[in-house]
There are 2 protein chains.
Amino acid sequence: MDKQLLIECHRRIKPFIHHTPVLTSRLIDEMVGAPLFFKCENFQRMGAFKMRGAANAIMQLSEKQKQNGVVTHSSGNFAQALSLAAHSLGVKAYIVMPHSAPQVKKNAVRGYGGQIIECEPTLEARELASKQIEEKYGATFIHPSNDTTVILGQGTACKELLESHPNLDYVVAPVGGGGLIAGTALAAHYFGNQCKTIGGEPFEADDAYRSLQSGQIERNSTANTIADGLKTQLGDRNFPIIQKHVEEIIRVTEKEIVSAMRLIWERLKIVCEPSSAVALAAVLKTKEKFTQKKVGILISGGNVDLDHLPF
Amino acid sequence: MDKQLLIECHRRIKPFIHHTPVLTSRLIDEMVGAPLFFKCENFQRMGAFKMRGAANAIMQLSEKQKQNGVVTHSSGNFAQALSLAAHSLGVKAYIVMPHSAPQVKKNAVRGYGGQIIECEPTLEARELASKQIEEKYGATFIHPSNDTTVILGQGTACKELLESHPNLDYVVAPVGGGGLIAGTALAAHYFGNQCKTIGGEPFEADDAYRSLQSGQIERNSTANTIADGLKTQLGDRNFPIIQKHVEEIIRVTEKEIVSAMRLIWERLKIVCEPSSAVALAAVLKTKEKFTQKKVGILISGGNVDLDHLPF
């Protein structure tokens, strides 16, 4: 994957995404001992970076494929992202969701124009339902994170960050399914000035940390974390990129995640997801590493349920 | 008060304030039937527009006055604003606060360099304590809202908003002590293109609404509102400006305030105070008035206690 692909991807999706702002906080800088630059993808359309990858994936389809629609299985932000991106591009989106998914998430997908197909809450049932949609409508399956076009799309957030702040020493992103961290690492590699990529991950879902240790894709046996966007595992498309370009993955406790999330809300005055706070939590935990360095932080999204906050 | 004073004030305080961003939400626009432009003073230094007025008030003092420091009585944002503005300008700030004020607010004032003088939680005790500081140290008393230099400072938020969005038909701000709404109305008058100023006020603290009706400054007998920044009453410096330049004050219920606050958090992904949500609540309540109009909304601040959210 080369630099030109990322440049073309960014040009392609620009009309369909927001150029999100970068925020700073003097107090947080003092706490860390380094200037931090928060790339606020919580202000992205539908509230998360996933809009970028979804838009790119759909735009890369042939006209015939577009006519038949796209399908994914997700109960999280990618479901909303694919629905909105498809709607914006005049393409039909089928979203396979467990019937147990919260009503608010179903409403959000429908609000963005996605058609929900409910299934049992198991991975097997989701995959079967997706297959059936592919066969019935000729729809193209788009994976939320293990898809090259999706990875490139997610990388455009870091590309924008480096365009406005070219001399970052580090960029730190949360690690879930691996799409964001892989795209970020590619962008840092191609557009940074010796900029290193670091991942933040909950101890409770540290499959990526263990995968880098063992050299093969590891699974989470449990994933009892508040960072609900990070429960998924890496895939064969993003893992090699992560192996090659990510310097380190730093693991954090649930308490550290909530504390970092609170700091972001209180000091940056923005609403972010627990998953987003994992990157700042990792920096706060290992702040000696970052002293006097310029650090970019990916705030991945802002879709939280205000009725169930951890504080 | 003329246009030139506002221009000079803005030039004076610029090095000490943030130029805050303007955010929008397609969904909220659809709900109202009009494009809304949210001027985000929750991103202002210390988290509220009050930084503007505090900075201007101190900068207008003589060198001798600056040497002797400033004093105010407030347990809210103005206490923090005066502390930080004074600190930034190398001036001593004495803040009279009731000893019953929340520890978090006392910590914030101290964190910004203010010296707290505790007193009994009555207006009489506050005024007495302030007088004593004035006499003891020769400090200059600065009123949070009924002070011409403060009013001008607060007006610079609307001035910035109109510089980036010159054709607003309306600008809507919450009404508390009257400093923000008076400054906003002046800025709309001098820098707008036929831009009208409207105030939002809780039914539970509708002194300004009643004051405009009766033609004299009315008091709140009770002020049982979640919008704790709006419990104060107008003063003789800001009331004449409000009478002359504010078209209307729209009152909203507590339920409407919480609902608007939630909408701002969920859709704009920002943390704002209940007081800030009163302006949007007023627009949502009377949306026929605003159909197809361009409407500016002053988000006044973002200092909330995350342990005591209304949702």
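Every chain's residues receive numbers from 1 upward, in the order its sequence appears when written. To label them, take the chains in the order written and letter them from A, then take the ligands in the order written and number them from 1. In keeping with the model being predicted, local features are shown solely for residues with a pLDDT of at least 70 and side-chain atom pairs are shown and tallied solely at 80 or more, while totals for entire chains, interfaces and linings include all residues. Only hydrogens and water are removed before side-chain values are computed, so all heavy atoms of the structure are retained for them.

## Focus on the pairing of strand 5 (residues 115-119) of chain B
Residue and element names in this part refer to chain B. Spelled out, the test is: Any two strands with at least two DSSP-identified bridges between them are counted as paired. Runs of E in the DSSP output that reach at least two residues are strands. Runs of H or I that reach at least four are helices, and both are numbered from the N terminus. Here a crossover is taken to be right-handed if, once the strands point away from the viewer, the path from the first strand over the helix to the second is traced clockwise.
Bridging between strand 4 (residues 93-98) and strand 5 involves 5 bridges; their strand directions are parallel. Residue pairing in the sheet places Y94 in a bridge with Q115 of strand 5. Of the crossover connections in this fold, the one passing from strand 4 over helix 6 (residues 103-111) to the parallel strand 5 is right-handed.

## Points about the side chain of A:Q154
All names here are of chain A. Inclusion rule: Any residue under 20% of the maximum accessible area for its type is buried, any over 50% is exposed, and the rest in between are partly exposed; the area is computed with a 1.4 Å probe on protein chains only. Residues adjacent in sequence count toward polar contacts only when both atoms are side-chain atoms; beyond that, a polar contact is any pair of N or O atoms within 3.5 Å, and within protein one must be able to donate a hydrogen and the other to accept it. We call two residues in contact when some of their heavy atoms are within 4.5 Å.
For Q154, the position within the fold is in helix 8 (residues 148-164). Using a relative accessible area of 1% as the deciding quantity, one classes Q154 as buried. A polar contact of 2.8 Å, which involves the side chain of Q154, links it to the backbone nitrogen of G53. For Q154, the contacting residues outside a window of four places in its chain are F49, K50, R52, G53, P144, G179 and L180.

## Points about the sheet that holds strand 10 (residues 295-299) of chain A
Residue and element names in this part refer to chain A. Our working rule: A fitted line through C-alpha atoms serves as each axis, taken over the contacting stretch for helices, and the angle formed by two N-to-C directions is quoted from 0 to 180°.
Sheet architecture is open: 6 strands sit in the order 1-2-10-7-8-9, paired in mixed fashion. Looking at strand neighbours, the two that pair on one side only are strand 1 (22-23) and strand 9 (246-252), the edges of this open sheet. One ladder, built from 6 bridges, connects strand 8 (residues 196-202) with strand 9; its direction is parallel. Counted as the bridge partner of G200 is I250 from strand 9. Relative to strand 9, helix 12 (residues 254-268) is tilted by about 100°, and along the sheet it contacts strand 1, strand 2 (36-40), strand 8, strand 9 and strand 10. Together, strand 2, strand 7 (170-174), strand 8, strand 9 and strand 10 form the strand contacts of helix 13 (residues 274-285), whose direction differs from that of strand 10 by roughly 155°.

## With respect to the pairing of strand 4 (residues 93-98) of chain A
Residue and element names in this part refer to chain A. Counted residue by residue, strand 4 has 6 buried out of 6 residues, so it is predominantly covered. Of the two faces of strand 4, both are covered, the one formed by A93, I95 and M97 as well as the one formed by Y94, V96 and P98. Handedness of the β-α-β unit built from strand 3 (residues 70-73), helix 5 (residues 77-88) and strand 4 comes out right-handed.

## Digging into the relation of the copies chain A and chain B
Quick note on the threshold: Least-squares fitting of one copy onto the other uses the C-alpha atoms of those residues that reach a pLDDT of at least 70 in both copies.
Overlay of chain A on chain B (RMSD 0.0 Å): rotation 180°, translation along the axis 0.0 Å. What we have between these two chains is a two-fold relation. Using C-alpha coordinates, one finds that chain A approaches the rotation axis most closely at A:I270, a distance of 2.1 Å. Of the residues that chain A buries at the interface, 100% are likewise interface residues in chain B, meaning the two copies contact each other through the same surface.

## Concerning the packing of aromatic side chains
Residues and elements named next belong to chain A. As a reminder, the rule being used: Only Phe, Tyr and Trp rings are paired, with Trp represented by its six-membered ring, and only when their centres lie within 6.5 Å; those with planes under 30 degrees apart are stacked, over 60 edge-to-face, the remainder tilted.
Evaluation of the coordinates by the stated rule reveals 7 aromatic pairs over all chains. Centroid distance Y94 to Y137: 4.6 Å. Interplanar angle 15°. Geometry classified as stacked. Of this pair, Y94 sits in strand 4 while Y137 is found in helix 7 (residues 123-137), placing the two residues 43 residues apart along the sequence. Given the relative accessible area of 6%, Y94 is considered buried.

## Re the interface of chain A and chain B
By a frequent convention, interface size equals the accessible area lost on bringing the separate parts together. Operational definition: The quantity reported as buried area is the accessible area (1.4 Å probe) lost by two parts once they are put together, taken as the sum for both. Only one rule defines a salt bridge in this text: a Lys or Arg side-chain nitrogen within 4 Å of an Asp or Glu carboxyl oxygen. Polar here means any residue other than Ala, Val, Leu, Ile, Met, Phe, Trp, Tyr, Cys and Pro, which are nonpolar, and Asp, Glu, Lys and Arg, which are charged; Gly is therefore polar.
The interface is formed by 23 residues belonging to chain A together with 23 residues belonging to chain B. Carbon and sulfur atoms make up 56% of the surface buried where chain A meets chain B, a total of about 1,700 Å² over both sides. Across the salt bridge formed by A:D307 and B:R262, the nearest N and O atoms sit 3.0 Å from each other. Summed over the shared surface of chain A and chain B, the result is 8 residue pairs in polar contact (both at pLDDT 80 or more). When residues of the side of chain A that touches chain B are assigned to their parent elements, the largest contribution, 5 residues, is made by helix 12 of chain A. In the side of chain A that touches chain B, the residues fall into 10 nonpolar, 5 polar and 8 charged.

## Some words on the nonpolar core
Our working definition: Take the buried residues of types Ala, Val, Leu, Ile, Met, Phe, Trp, Tyr and Cys, join any two whose side-chain atoms come within 4.5 Å, and each joined set is a nonpolar core.
If you look at the biggest cluster of nonpolar residues, it comprises 80 residues, and the most contacted ones within it are A:L36, A:W265, B:L36 and B:W265. Not counting residues within four places of it along the chain, the set of residues in contact with B:W265 comprises A:W265, A:V271, A:L306, B:I270, B:V271, B:C272, B:V304, B:L306, B:L309 and B:F311. Within the second largest apolar cluster, 60 residues are counted, among which are A:I95, A:I116, A:F239 and A:I249.

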